[in-house]
There are 4 protein chains.
Amino acid sequence: MKGTSKGQLKTAVIGSSGYTGGELLRILLGHPHVAVTAVTSEKSAGRPIASLFPHLLNVTDLVCEAFDPSAIAKKADFAFLALPHVTAQGAAYELHKLGMKVVDLSADYRLSDPALYEKWYEHRHQYPELLDEAVYGLPELHRQEIREAALIANPGCYPTSAILGLAPLVKKRMIDPASIVIDSKSGRSPSPAHHFPEVNEGLMAYKIGTHRHTPEIEQEISLLTGEQVILSFTPHLVPMNRGILSTIYARLSNETDTGNLHALFAEFYKNEPFVRVLPRGEFPNVRNVRGSNFCDIGVYADHRTGRAVVVTAIDNLVKGASGQAVQNMNLMMKFDETDGLLSAGMFP
Amino acid sequence: MKGTSKGQLKTAVIGSSGYTGGELLRILLGHPHVAVTAVTSEKSAGRPIASLFPHLLNVTDLVCEAFDPSAIAKKADFAFLALPHVTAQGAAYELHKLGMKVVDLSADYRLSDPALYEKWYEHRHQYPELLDEAVYGLPELHRQEIREAALIANPGCYPTSAILGLAPLVKKRMIDPASIVIDSKSGRSPSPAHHFPEVNEGLMAYKIGTHRHTPEIEQEISLLTGEQVILSFTPHLVPMNRGILSTIYARLSNETDTGNLHALFAEFYKNEPFVRVLPRGEFPNVRNVRGSNFCDIGVYADHRTGRAVVVTAIDNLVKGASGQAVQNMNLMMKFDETDGLLSAGMFP
Amino acid sequence: MKGTSKGQLKTAVIGSSGYTGGELLRILLGHPHVAVTAVTSEKSAGRPIASLFPHLLNVTDLVCEAFDPSAIAKKADFAFLALPHVTAQGAAYELHKLGMKVVDLSADYRLSDPALYEKWYEHRHQYPELLDEAVYGLPELHRQEIREAALIANPGCYPTSAILGLAPLVKKRMIDPASIVIDSKSGRSPSPAHHFPEVNEGLMAYKIGTHRHTPEIEQEISLLTGEQVILSFTPHLVPMNRGILSTIYARLSNETDTGNLHALFAEFYKNEPFVRVLPRGEFPNVRNVRGSNFCDIGVYADHRTGRAVVVTAIDNLVKGASGQAVQNMNLMMKFDETDGLLSAGMFP
Amino acid sequence: MKGTSKGQLKTAVIGSSGYTGGELLRILLGHPHVAVTAVTSEKSAGRPIASLFPHLLNVTDLVCEAFDPSAIAKKADFAFLALPHVTAQGAAYELHKLGMKVVDLSADYRLSDPALYEKWYEHRHQYPELLDEAVYGLPELHRQEIREAALIANPGCYPTSAILGLAPLVKKRMIDPASIVIDSKSGRSPSPAHHFPEVNEGLMAYKIGTHRHTPEIEQEISLLTGEQVILSFTPHLVPMNRGILSTIYARLSNETDTGNLHALFAEFYKNEPFVRVLPRGEFPNVRNVRGSNFCDIGVYADHRTGRAVVVTAIDNLVKGASGQAVQNMNLMMKFDETDGLLSAGMFP
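Quick look at the structure, then. For every chain, the first residue of its written sequence is number 1, and the numbers climb from 1 along that sequence. Whichever chain is written first is A, and whichever ligand is written first is 1; the rest continue in order. The model is predicted, so local features are restricted to residues of pLDDT at least 70 and side-chain atom pairs to those at 80 or more, both for listing and for counting; the totals for chains, interfaces and linings are taken over all residues. No hydrogens and no water enter the side-chain calculation; it runs on all heavy atoms of the structure.

### Focus on unusual backbone geometry
Residue and element names in this part refer to chain B. We apply this condition: Strands here are runs of E lasting at least two residues and helices are runs of H or I lasting at least four, both read from the DSSP assignment and numbered beginning at the N terminus.
Following F347, the chain continues to P348 via a peptide bond in cis, the omega torsion being -5°. Residue placement: P348 occurs in the segment after helix 12 (318–332). The phi torsion at V86 lies on the positive side, around 75°, for a residue other than glycine. Tracing the backbone shows V86 in the loop between strand 4 (78–81) and helix 4 (87–97).

### What about the interface of chain B and chain C?
Basically, it comes down to this: We call two residues contacting when some pair of their heavy atoms lies within 4.5 Å. Here's the idea: put two parts together, see how much 1.4 Å probe accessible area each one loses, and the total over both is what we call buried area. Take a side-chain nitrogen of Lys or Arg and a carboxyl oxygen of Asp or Glu: if they are within 4 Å of each other, that pair is a salt bridge. Polar contacts, as used here, are pairs of N or O atoms within 3.5 Å; protein pairs need one atom able to donate a hydrogen and one able to accept it. Residues neighboring in sequence count only if both atoms are side-chain atoms.
On the side of chain C, 31 residues touch chain B, which itself brings 31 residues to the contact. For the pair chain B and chain C, the summed buried surface comes to about 2800 Å²; carbon and sulfur atoms form 63% of the total. Of all residues in chain B, H55, M346 and P348 of chain B give up the largest surface area on contact with chain C, accounting jointly for 24% of the area buried on that side. Here chain B is connected to chain C by zero salt bridges. If you look at where chain B meets chain C, you find ten residue pairs in polar contact (both at pLDDT 80 or more). Elements that contribute at least two residues to the side of chain B that touches chain C include exactly helix 1 (19–28) and strand 12 (275–277) of chain B.

### Structural notes on the relation of the copies chain B and chain A
The line we're drawing: In superposing the copies, a least-squares fit is computed on C-alpha atoms, taking residues whose pLDDT is at least 70 in both.
When chain B is fitted onto chain A, the two copies agree to an RMSD of 0.0 Å after a turn of 180° and an axial shift of 0.0 Å. Read as a symmetry element, the transformation amounts to a two-fold axis. When the interface residues of chain B are mapped onto chain A, 100% of them again fall at the interface, so both copies present the same face.

### Details of the relation of the copies chain B and chain C
At an RMSD of 0.0 Å, chain B and chain C line up after a rotation of 180° and a shift of 0.0 Å along the axis. Of the residues that chain B buries at the interface, 100% are likewise interface residues in chain C, meaning the two copies contact each other through the same surface.

### Concerning the interface of chain B and chain A
On the side of chain A, 50 residues touch chain B, which itself brings 50 residues to the contact. With both sides pooled, the region where chain B packs onto chain A buries about 4100 Å², and carbon together with sulfur makes up 55% of that total. Along the contact surface separating chain B from chain A lie four salt bridges. Applying the counting rule to chain B against chain A returns 28 residue pairs in polar contact (both at pLDDT 80 or more). Listed by contribution, the elements that provide at least two residues to the side of chain B that touches chain A are strand 8 (181–186), helix 9 (196–199), strand 9 (204–205), helix 10 (213–225), strand 10 (232–237), strand 11 (244–251), strand 13 (295–302) and strand 14 (307–314) of chain B.

### A short note on the sheet that holds strand 1 (residues 9–14) of chain A
Residue and element names in this part refer to chain A. How we decide: Only strands joined by at least two bridges in the DSSP assignment are considered to pair.
With parallel pairing, the seven strands of this open sheet are ordered in space as 3-2-1-4-5-7-6. Two strands in the sheet have a free side with no partner beyond their single neighbour: strand 3 (64–65) and strand 6 (135–136). Bridge count between strand 4 (residues 78–81) and strand 5 (residues 101–104): four bridges; the pairing is parallel. Residue pairing in the sheet places A79 in a bridge with V102 of strand 5.

### Some details on the side chain of S41 of chain C
Rules: Only protein chains enter the calculation, and the probe is 1.4 Å; a residue is then buried if its accessible area is under 20% of its type maximum, exposed if over 50%, and partly exposed in between.
Here S41 of chain C lies in the loop between strand 2 (34–40) and helix 2 (49–52). By relative accessible area, S41 of chain C is classed as buried at 4%.

### Observations regarding the pairing of strand 5 (residues 101–104) of chain D
Moving residue by residue along a regular strand, the side chains alternate between the two faces of the sheet. Residues and elements named next belong to chain D. How we decide: Crossover handedness is defined here as right-handed if the route from the first strand over the helix to the second strand goes clockwise, with the strands pointing away from the viewer.
Taken together, strand 4 (residues 78–81), helix 4 (residues 87–97) and strand 5 form a β-α-β motif whose crossover is right-handed. In this sheet, strand 7 (residues 151–153) lies alongside strand 5 in parallel orientation, the contact comprising three bridges. When the sheet's bridge partners are listed, V103 is paired in strand 7 with I152.

### Some words on helix 10 (residues 213–225) of chain C
All names here are of chain C. Rules: Working rule for helices: expected span equals 1.5 Å times residues minus one.
The terminal C-alpha atoms of helix 10, which comprises 13 residues, lie 19 Å apart, in line with the 18 Å expected from a rise of 1.5 Å per residue. Across the 13 residues that make up helix 10, a large majority, twelve, are buried. Along helix 10, the positions that sit buried rather than exposed are H213, T214, P215, E216, I217, E218, Q219, E220, I221, S222, L224 and T225. In the core, the buried residues of helix 10 are packed alongside helix 5 (114–121), strand 6 (135–136), helix 7 (139–148), helix 8 (157–171), strand 8 (181–186) and strand 10 (232–237). Backbone geometry just downstream of helix 10 places G226 in the positive-phi region, at approximately 85°.

### Focus on the environment of C157 of chain A
All names here are of chain A. Within the secondary structure, C157 sits in helix 8 (residues 157–171). In this structure C157 comes out as buried when scored by relative accessible area, which is 13%. Sequence-wise, C157 and T210 are 53 residues apart; in three dimensions their C-alpha atoms are separated by 16 Å. Among all residues touching C157, those that are not within four sequence positions of it are H213, I244, I314, N316 and G320.

### Section: the sheet that holds strand 11 (residues 244–251) of chain C
Consider a sheet: its strands pair through backbone hydrogen bonds, and that pairing is either parallel or antiparallel. Pairing within the open sheet is mixed, and its seven strands lie in the order 9-10-8-11-14-13-12 (chain C). Looking at the sheet topology across the chains shown, the edges are occupied by strand 9 (204–205) and strand 12 (275–277) of chain C.

### Describing the pattern of salt bridges
Within this structure, the stated rule accounts for 60 salt bridges over all chains. For E337 of chain A, the salt bridge goes to R143 of chain A, with nearest N and O atoms at 2.9 Å. Here the residue E337 of chain A occupies a position in the segment after helix 12 (318–332), and R143 of chain A occupies one in helix 7 (residues 139–148), the gap between them amounting to 194 residues. Here E272 of chain C and R143 of chain C are joined by a salt bridge, their closest N and O atoms 2.6 Å apart. Of this pair, E272 of chain C sits in the loop between helix 11 (258–268) and strand 12 while R143 of chain C sits in helix 7; the two residues are 129 residues apart in sequence, bridging distant segments of the chain. By the burial criterion, E272 of chain C is buried, and R143 of chain C matches it. Residues participating in the shared-partner salt-bridge network are E23, R26, R242 and D315 of chain A.

### With respect to the pairing of strand 10 of chain C
Residue and element names in this part refer to chain C. Burial of strand 10 is extensive: six of the six residues sit out of reach of the surface. Every second residue of strand 10 is oriented toward a common face, with S232, T234 and H236 on one face and F233, P235 and L237 on the other, all of them buried. Here six bridges tie strand 8 to strand 10, and the two strands are oriented parallel to one another. Bridge assignment links V181 to a residue of strand 10, and that residue is S232.

### A word on the packing of aromatic side chains
Basically, it comes down to this: The pairing test for Phe, Tyr and Trp rings, Trp by its six-membered ring, is centres within 6.5 Å, and the orientation test on the planes gives stacked under 30 degrees, edge-to-face over 60, and tilted for anything in between. Whether a charge sits over a ring comes down to the Lys NZ or Arg CZ being within 6 Å of the ring centre and within 35 degrees of the ring normal.
The tally for this structure, following the rule as stated, stands at 38 aromatic pairs over all chains. Ring centres of F265 of chain A and Y269 of chain A lie 6.4 Å apart, and the angle between their planes is 50°; on these two criteria the pair is classed as tilted. When its relative accessible area of 2% is taken as the criterion, Y269 of chain A is described as buried. With a centroid separation of 6.3 Å and 65° between ring planes, the pair formed by F53 of chain B and F347 of chain C is classed as edge-to-face. Residue F53 of chain B is located in the loop between helix 2 (49–52) and strand 3 (64–65), and its partner F347 of chain C is located in the segment after helix 12 (318–332); the two belong to separate chains. Of the aromatic side chains, those joined through ring pairs into one cluster are Y19 and F53 of chain A together with F347 of chain D. The cationic tip of R276 of chain B hangs over the ring face of F294 of chain B; the distance from NZ or CZ to the ring centre is 3.9 Å.

### A few points about the packing of helix 8 of chain A against helix 11 (residues 258–268) of chain A
All names here are of chain A. Applied cut-off: Inter-axis angles, ranging from 0 to 180 degrees, are taken between N-to-C directions of lines fitted to C-alpha atoms, where helices are fitted over the stretch in contact. Roughly parallel refers to an angle under 35 degrees, roughly antiparallel to one over 145, roughly perpendicular to one between 65 and 115, and oblique to any angle outside these ranges. Here the nonpolar group is Ala, Val, Leu, Ile, Met, Phe, Trp, Tyr, Cys and Pro; Asp, Glu, Lys and Arg are the charged ones; every other residue, Gly included, is treated as polar.
Orientation of helix 8 relative to helix 11, taken along the N-to-C sense of each, is 105°, at an axis distance of 10 Å. When the interaxial angle is binned, helix 8 and helix 11 end up roughly perpendicular. Residues L164, G165, A167, P168, L169 and K171 of helix 8 lie in contact with helix 11, whose contacting residues are L261, L264, F265 and F268. Residues belonging to the contact of helix 8 with helix 11 are distributed by class as follows: eight nonpolar, one polar and one charged.

### A few points about the side chain of S16 of chain D
All names here are of chain D. For S16, the location among the structural elements is in the loop between strand 1 (9–14) and helix 1 (19–28). Relative accessible area serves as the criterion here: at 0%, S16 is assigned to the buried category. In contact with S16, not counting residues within four places along its chain, are G21, G22, V39, T40, I49 and F53.

### Digging into the environment of I221 of chain C
Residue and element names in this part refer to chain C. As for its position among the elements, I221 is in helix 10. Overall, the relative accessible area of 0% leaves I221 in the buried class. Note: C-alpha distance between I221 and I244 (23 residues apart in sequence) is 19 Å. Setting aside residues no more than four positions away along its own chain, I221 makes contact with I163, L166, V170, I180, V229 and L231.

Dropping the structure here:
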């Protein structure tokens, strides 16, 4: 087990008992410049984290503590919040006030308009002034602001997969934004609340037209186009443990072909360490990103229908949550952006 | 095991060794008015069918034979073809010539335009005159012609799920046909050619813009609208044994709400024994149709985007293949349309 | 949907909301001599059963009622109890007193010794006198008594798979009973209480040495040998929806070979409609019994170790619960033993 | 992507295209003291390894070459053989002759008696003299010899799980070796030759009494007892991608309890970095070792039957193959034994 070496960033994981908390630990415990110095869980205070996550036995002997902002601020300089939304609001505020850098994995600081937050989350935002400071942590779009930020709103899993698939198209005005349809398919994490025999061999859409990730996608796409975009987003649940595949449809503004589309994406993402534009004619499979921070993208220009079809694949717990959170930390701390994140995924 | 009672329809399953052949046997062996008198398989001629399908041990002692049209015509009055396309063409022709009624589960007689067949299947159709006689076997749209037909082209699995979800909308001119996007997710049948560790925990789109079921869907939707419709269809592979979920998007022609849409669907399918329009606000899950001939449908009118979203679920081996084939046989033979088909599916 | 025809047995399913209740309905609704006239569920009284089990929509319009013994006795002549143990005790007693025939799917009447029940279930049996009347409903061993019984204790799923694999060996004194080891692997039914991402890609043993099905297996094996047998039984959970595979090891009393063992099993079960002794050299796979009432058996005599290895496969919800319950009803009511039960299973 | 730093061990993976080859690359590419300088594949010579394993895209740009011993010896000092047995024999011989250190993941050098090899593998061993030099690479039993070895026979997956569960018991003469029964359950790797719909929701035993890992287990257990042990071993296939759970039964020589057994195992493995003896009363689940090099062990003394029950869990591709191979390399090269191997597994 790793101790704290001099020069390592002392890091706390607030709300460690869920899947994203566990995944943060998996990544951070292998990070060359990080020492995890505190993990919190209200329910499991006093228990070793490995008793919650038996796969961490002999990997870490961290013990959960109850969340106390000042105690955390004494032990750590950086905090990841893996808390439910609403709860995260105050925690982010307290730790920020105490001078810590914070990446919040909840939705609480993602929507820059507090009215929009209130509408979709049915809860008044308590810290609208802090909302102004928060940066939406999608490095491919906001790298520079992330580097300067003290509070990062880590993107949702679906929005990550959708925005990365749409950004080159809308930025280059290749499609009609009013025609966007996003059909996303997700494995079962991060929530464990699905019983095996009802999920296994099952497949369903849910929250059609009403999923809370919709305004988050619209906010970022609107920023890119400069006008308010309304789009269709439908999430589905698929019997897998991890992974999101998003299939994105939009009407092409002008005639083009797959070669052009592919070249556009390849150019747009050419310096991105975690976006892999697949060879022309290939399309992503979630099995190839499982356990890794990559977003794989395939594109197709359908001359019959005049539509672009873009398919993206991410691991919802990594690029869709904890991996992207660490990527943001790397940027904020001026580490190499890929530190701790460039291991191969797990196949099969 | 069941023998042949007087008055039972003598039935042959041509090409029994695949999943659709096996599923035909499962259904036909429980059908009150049918006796299966012949099963064919070139590769397994002389072997009991239960040696290919161990789940049929003690259920049937049928022995596979090589396909010989005259021999079949002596033993049976009705034939199901569970053969690959191209191969099925000639078999249908021969059996039809010998006076048998035929349901062809392949794609060979589905497209009424032989030029379209040649374009998508890269093979010239050998029996264009028989194509004229064949009826597309979707009972919800063509029940009357099916009753009079001698040759049925049994619909593809994806088209069944797509057309049933679109028919009320296009027939009632509720949507702009040019805006249709069909995003379908399928379990792994009927082809066994997918290795477990590469499918399990995997999820991918395939044949984007080029899947052969596309013209079949367009043919039927165009028939309903009276004009040529071009639409987007993307199939996906999901780690399940059975089931197709299709999520269908289209722009609403006029403002409406979910209540209206739901009423439209409920009315359109009110006499259909195998279409279940779910209660308003509920959406289908493939687990609820597994092993049954039902098509479950849920609808949503999204006022934000002006789109209708329709979700349909079928078992691709039953309503998407063998069950629908038996439904067609019931119609052709003037049996009760639900005979042998109204058992509950299997849950979980 | 089926009504009640004259001459059909009026049947109630008490405790319909669990998986075994649902599976009873699937089988009974297709049974030629049965009309289901009542279904009970305390929690869901007043709701259609199809709102609990959406796969039953359009198959039945039965409505759940609260359990009231006299009301049930007026509506039905036969009852299946799909209740938790302890709760089933009183329900069986009441319905029996009112003259109904009862198959109890719980463990409450399986152990003939009330002291044993108290030891393993940590609850004193309230109706020891009724215990004397109850018959252990494994038709392969107790067919004659089942025919005469008014109360059947339907066997547990693991015991069914274990006892059928051991019976020929112990009855014919081929093995040393003290050497028996039963290693069973089960899918996730009947309990839904397992979250998908923790079950999927998981595999574990549980209740080692302490599972309550142990004394039930020992009781039946002891009956066959005439002396008290103590054996090892370990259950495991496997990521599947249905099915139990039991691998059984025991030291052979005398040298023999697989041919002899196979002949012994084939002879022992030659008249059994639901036991399939596989061809010599073949071993069962749960996929071949899914949805069916069959128990598949394969045998091997290992000359190297002097052990017999027997592998059995059942669907835990059918032969391991609801199917066997209906088989018992068929015997009690003098129906054909296979009525409603001889449909092929579902593959894949 | 990582280049070759000075001081790093130049390593070749021979036979890279299978699952164990892919897993070796995943681990080696993250190893602090290793540079992979060559990968071979006859079929894919000239193609980037990432075209075979799309999850390695942007992680490595290695290109497959055909296997040429002298070319390899020029590029690398250490070789892992991920070849089929028989093929591996000659490759090991050639590379060894050229002075390379070799870990052979096949079965070719595991059985020290060439007659035994010939009997079980139906092939005469071509290099019996090299067999004498090879060391069986289970560090928990042979650490010292491994450190000095030039050729390691990396253990099979089942044997690793079985031997680690048995070693403390047989070494301390706690059980009767003649009573050992090993019931193992495995996910589908390393062979991809299993079609999804026939594996999913399937469960079966295979090669009962005849699996080639049997003599390997017996060889190591016999070494520990000092006499020839014959035992029962049955492998099963379970619908998961990775993992082996072995449930081991043996008659206790003397009365003991679970506390004593647990203490024995805890003491035996107290210095082992990759064996986790779980807290008393807990039993392993393969989900907790997925992607990691750990072997989890739980023990139970059953006073009713007088048997010990030991359950072990490993990832068959890591501790059961590629991870253990790297552990052996670490020992041979005097690296820290855990280098590159102490990352947390992936959950869920």
